[in-house]
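Architecture and fold: a report
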Amino acid sequence: MNNRHLYWLAGVLAAIAFAIFGYKVLILKFPVTPDRLETAWRIEARIDFNARGGPVLGEFLLPRSTTTRPVFNEAFVAGPYGIATRDAGDNRAAVFSVAEADGPQTIFYRATVELAPANETPPPSPTPSLNRIPMNEAELAAARALLAKLRPRAAGVPTLMGLLITNLRNARAGDEASLLLGNSRSTRRIVDTAIKVLRQGGIPARRVNGFALAEDRRQIGVAHWIEVYVEDRWLPFQATDGAAGVPPRHFPWWRGEHNAVTITGADRPHITYSVAMAHQFALRAALERGRSIGVSLTDFSLFGLPFQTQQVYRILLVVPVGIFLLVLLRNVIGLRTFGTFMPVLIAMAFRETRLVWGIVLFSIVVFLGISVRFYLEHLKLLLVPRLAAIVIVVIGVMALLSVVSFKLGFMGGLSVALFPIVILTMTIERMTVVWDERGAMEAIIQAAGSLVVAIFCYLLMNARIVEHLTFVFPELLLVLLAGILLLGRYSGYRLTELGRFRVLAGKDPR
Amino acid sequence: MIGLARRLREAGVLGLNWRNAEYTLLYNQRRLYPLVDDKLQTKELALKAGIAVPDLYGVIEVQREVRNLPQIIAGHDAFVVKPAQGSGGKGILVLEKGPRGLYRKPNGSFMSEAELAYHTGNILSGIYSLGGQPDKVLIEYRVNFDPIFARIAYQGVPDIRIISFLGVPVMAMVRLPTRQSGGKANLHQGAIGAGIDLSTGRTLTAVWGNGVVDTHPDTLNPVTGVEIPHWPALLDHAARSWELTGLGYQGIDIVLDRDLGPLILELNARPGLNIQIANRAGLGHRLERVKAARDGLKTVEERIAFARENFATA
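Procedures and definitions
Residues numbered from 1 in each chain as written. Chains lettered and ligands numbered in written order. Predicted model: local features only at pLDDT ≥ 70, side-chain atom pairs only at ≥ 80, totals over all residues. Helix = DSSP H or I, 4+ residues; strand = E, 2+ residues; numbered from the N terminus. Contact = placed C-beta atoms within 7 Å. Buried ≥ 20, exposed ≤ 12 C-beta atoms within 10 Å, placed from the backbone. Core = buried A, V, L, I, M, F, W, Y, C linked by C-beta atoms within 7 Å. Nonpolar A, V, L, I, M, F, W, Y, C, P; charged D, E, K, R; others polar. pLDDT = per-residue confidence, 0-100. Pairing = 2+ DSSP bridges. Axes fitted to C-alpha atoms, helices over the stretch in contact; angles between N-to-C directions. Expected span 1.5 Å × (residues − 1). Bend = angle between axes of the 7 residues up to and from the residue. Parallel < 35°, antiparallel > 145°, perpendicular 65-115°, else oblique. Left-handed = near helix turned anticlockwise from the far one by under 90°.

Check the secondary structure of chain A and you find 16 helices and 13 strands. Sequence-distant contacts in chain A: of pairs separated by 6 or more residues, those separated by 24 or more amount to 75%.

Structure follows, in structure tokens:
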């Protein structure tokens, strides 16, 4: 067999990959290492609503770009809707409208933001008007009593805030705080109540709505804190304990006690926000550079996709790396695993469960699955119904593990739901067959082998540098492809065969 | 480690990657695989070519036919149940009729009618077949093995494996079940593998586990220097298998029956590499010699003569 064709193909693939890689690194200055990742974030808001068939007019609140908190790369994906931004008091707003729309509608907004330094001093702003929030008599009395109780103990607004929030947090049935709060103890309720009380006492205060920028999240909840007007500035206070400052790593999105979106002509407006660590902060300059010299490379890259899709590809693109490792371990080292790609899929599940929990959960599910499988052996079931029965048992075991671990306070147990069910089922079935035919030892060795391979795949696939390189430089997949093609013609020994055939090697001449 | 790999390479020891890349992938065409992967097709092929195989009592193709089992085995005291597409001996049952409608396995334990039906159903649904696809069940003649093996085999059926490359027998071994292997002729599970001198048909050194043995661990009879009966016929079968299937590199599994002589059990398109350990020799150099001389090896007789001349170990 002439391997020249193969070498030629692998060489061309690798050359193309390294040419693009080199161009991106040397000319466009894409960062090779994932440094300075945490300084910028991409936020995507997805607004869904149901149009009633007539004109639709809506408003969506946006963050304002300031020098300490720049908002850049803003973009709307809004289909037929006309979009205009305007100033709306404390906020900036996007107004979207269309003459006629019917059925489910979706509008995307995305922007890249940066976190301000923690000890930032807010800029001065004009004195706001004090809009007291209407209260009934009982509430009014409670608010006044609370203020009368706290004011003498406070040395200024910051200490008053601390006392007020602590009081609300520790509300006991029957006291003023609990009357004001009503049934809810949510952060939002506490923030709104504090604002009511402060305004009643003549202190301007407003709610801030924003996000924690701490990790990549598909759907992120809105966080709330308070700003109080002191002298000539709006000072932020945290809603947990009333401490001064913006909560750590939080980005303010809009201000005010209302929702971020209001729509007329449509029902059930719903917003979901996703947050992603913006690798492109370090990349931003590179991308801009590419655009300015008219290179469309960046427009056709993964950065052009919506966030949620980007998140999916961030995971998918590390799979080839795991697969490559698997080929090495199987064809060069000679490890044996259950199912060709099972370890890679388990490794993907480990990304969510984390390693230790992943191993524990995997072992429990497989152990219980095998026990049930051996019991089913007595019932003499046909193969497909038996596999179906094991699938159901596996799902049941996973649900049970989640419930039990949640009750016991181990959050790690919840992520068991991410295990690939069918793969686990096939593993259990094959393990039982091997157990029957080759004995328990062989089955356990193979299962442990699969787990070890999965752990190696996980460690490699989960390395930040690997994720960074595959996502920023997807062309490197061609290098992996070339490597796998070459391994396809590797005819040398597997490492395990050296031991197996050792007796045939003859004596060492030395 | 590198030194070990080099010495193995010098000794011509074939590894899995080497076998796949240079032999099975190049000399075995994919479309011919069904001929050997499906034992029913192999059987028909062999019969057409006049090569003896164990007599087929019946075939079960769908679950409903499992109830025909008693009719199929009526009139036979012993029989073998095997998946048509099994590999490595998986799923094969050798049974004898016992008391109260039970079946006796070679190890002396019994199996009920229901258990046998369950096993048959498992085979049909494909748990022993190569890709997991639905399979057929063959019920066939149980070999009464040649008395020479009664002294050096424990319970199971000993068989002879010959590797044939381009129609030239290149290496052979006999696999002898032991108590440890549970009556199975599988080296992994503890059966003895003894290499065979292609020229004389006598067994060479025998390997058990990782060590060399001279006597069978259960019967204590010598396992080296045993002359395999019908040796010329066995070589003839191995040489003809090329014309039979068209597969360049294959393994032929043959059993010797007391009354019927050599019977082909199955052919294998991806024969294992343990035969090298049993022979304490690598396959690589032998295969290269056949490749170099292939133009002069047209007829079955030429190929057998080449094997006897070149691959004698004595």
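Next, the rest of the story.
Before going further, it helps to examine the overall build of chain B. In terms of helices and strands, chain B carries 11 helices and 13 strands. Burial analysis of chain B (314 residues in total) assigns 45% to the buried set.

Of all hydrophobic cores here, the largest spans 84 residues; its most connected members are Val170(B) and Ala194(B). If near-sequence neighbours (up to four positions away) are discounted, Ala194(B) is found in contact with Met173(B), Val174(B), Leu176(B), Thr203(B), Leu204(B), Ala206(B), Val223(B), Thr224(B) and Ala278(B).

Counting from both sides, the interface comprises 23 residues of chain A and, opposite them, 27 residues of chain B. Secondary-structure elements contributing two or more residues to the side of chain A that touches chain B are α11 (383-407), α12 (421-438) and α16 (495-500) of chain A. In the side of chain A that touches chain B, the residues fall into 12 nonpolar, four polar and seven charged.

Residues and elements named next belong to chain A. Mapped onto the elements, Leu-168 comes out in helix α3 (residues 157-169). Assessed through the 23 C-beta atoms surrounding it within 10 Å, Leu-168 is described here as buried. It is 7.7 Å that separates the C-alpha atoms of Leu-168 and Leu-181, two residues lying 13 residues apart in sequence. Setting aside residues no more than four positions away along its own chain, Leu-168 makes contact with Ala-177, Leu-181, Ile-190, Thr-193 and Ala-194.

In this model, chain A carries a mean pLDDT of 82, and residues with pLDDT of at least 70 account for 89%. Within chain A, helix α6 (residues 280-292) of chain A has the poorest average pLDDT of any element, 54, and helix α15 (residues 476-487) of chain A the best, 92.

Here we come to the pairing of strand β10 (residues 203-208) of chain B. Along any regular strand the residues' side chains alternate between the sheet's two faces. Residues and elements named next belong to chain B. By the criterion of burial, β10 is predominantly enclosed, with five of the six residues buried. Alignment of strand β9 (residues 192-196) against β10, held across three bridges, turns out to be antiparallel. Within β10, the position partnered with Ile-196 by the bridge is Thr-203. Between β9 and β10, which pair antiparallel in sequence order, lie six residues; one of them, Gly-201, sits at a positive phi of approximately 80 degrees. Where β10 and strand β11 (residues 211-213) come together, three bridges link them in antiparallel fashion. Within β11, the residue paired with Trp-208 across the bridge is Gly-211.

Once that is clear, we can look at helix α2 (residues 16-27) of chain B. When α2(B) is considered as a whole, its buried residues turn out to be Asn17(B), Trp18(B), Arg19(B) and Tyr23(B). In this structure, the buried residues of α2(B) make contact with α8 (319-333) of chain A together with β12 (249-257) and α10 (284-293) of chain B.

Another point: the sheet that holds β12(B). Residue and element names in this part refer to chain B. One open sheet holds the seven strands; their spatial order is β11-β10-β9-β8-β7-β12-β13, and the pairing between them is antiparallel. Two strands close off the open sheet at either side, each with one partner strand: β11 and β13 (261-268). Geometrically, the sheet is characterised by an average inter-axis angle of 30 degrees between neighbouring strands, direction not taken into account. As judged from the seven bridges shared by β12 and β13, these two strands associate in the antiparallel manner. Looking at the pairing, Gly-251 lines up with Asn-268 of β13.

So, about the pairing of strand β2 (residues 56-62) of chain A. Residues and elements named next belong to chain A. Counting buried positions along β2 gives five out of seven residues, so the element sits mostly inside the fold. Both β2 and strand β12 (residues 261-264) contribute to a ladder of four bridges, which runs antiparallel. Counted as the bridge partner of Glu-59 is Thr-262 from β12.

So, on to helix α8 (residues 231-245) of chain B. For an α-helix, the turn length of 3.6 residues means that residues three or four places apart are oriented alike. All names here are of chain B. The terminal C-alpha atoms of α8 lie 22 Å apart, and with 15 residues this matches the ideal 21 Å at 1.5 Å per residue to within 8%. Of all the bends in α8, the largest measures some 30 degrees and sits at Ala-239. Burial runs high along α8: 11 of the 15 residues are buried. Where α8 is concerned, the buried positions are Trp-231, Leu-234, Leu-235, His-237, Ala-238, Ala-239, Arg-240, Ser-241, Trp-242, Leu-244 and Thr-245. Two residues or fewer after α8 comes Gly-246, characterised by a positive phi angle close to 85 degrees.

Glancing now at the sheet that holds strand β11 (residues 250-255) of chain A. Residues and elements named next belong to chain A. Across the sheet, which stays open at both edges, the four strands sit in the order β10-β9-β7-β11 with antiparallel pairing between neighbours. Pairing within the sheet leaves two strands with one partner each, and these edge strands are β10 (233-237) and β11. Direction aside, neighbouring strands of the sheet carry axes that sit 40 degrees apart on average. In this sheet, β10 lies alongside strand β9 (residues 223-230) in antiparallel orientation, the contact comprising five bridges. For Ile-226, the partnering residue across the bridge sits in β10 and is Phe-237. Relative to the sheet, helix α5 (residues 187-200) contacts β7 (205-212) and β9, its axis offset from that of β9 by approximately 15 degrees.

So, on to unusual backbone geometry. Not every positive phi belongs to a glycine, and Arg249(A) is a case in point at roughly 60 degrees. Mapped onto the elements, Arg249(A) comes out in the loop between β10 and β11.

Residue and element names in this part refer to chain A. Contact geometry for helix α9 (residues 342-353) and helix α13 (residues 440-461): axes closest at 8 Å, N-to-C directions at 55 degrees. When the axes of α9 and α13 are compared, the pair comes out oblique. Like other packed secondary-structure pairs, α9 and α13 cross with a definite hand, here right-handed. Of the residues in α13, those touching α9 at Met-342, Pro-343, Val-344, Ile-346, Ala-347, Phe-350 and Arg-351 are Ser-450, Val-453, Ala-454, Cys-457, Tyr-458 and Met-461. Residue classes in the contact of α9 with α13 are distributed as 11 nonpolar, one polar and one charged.

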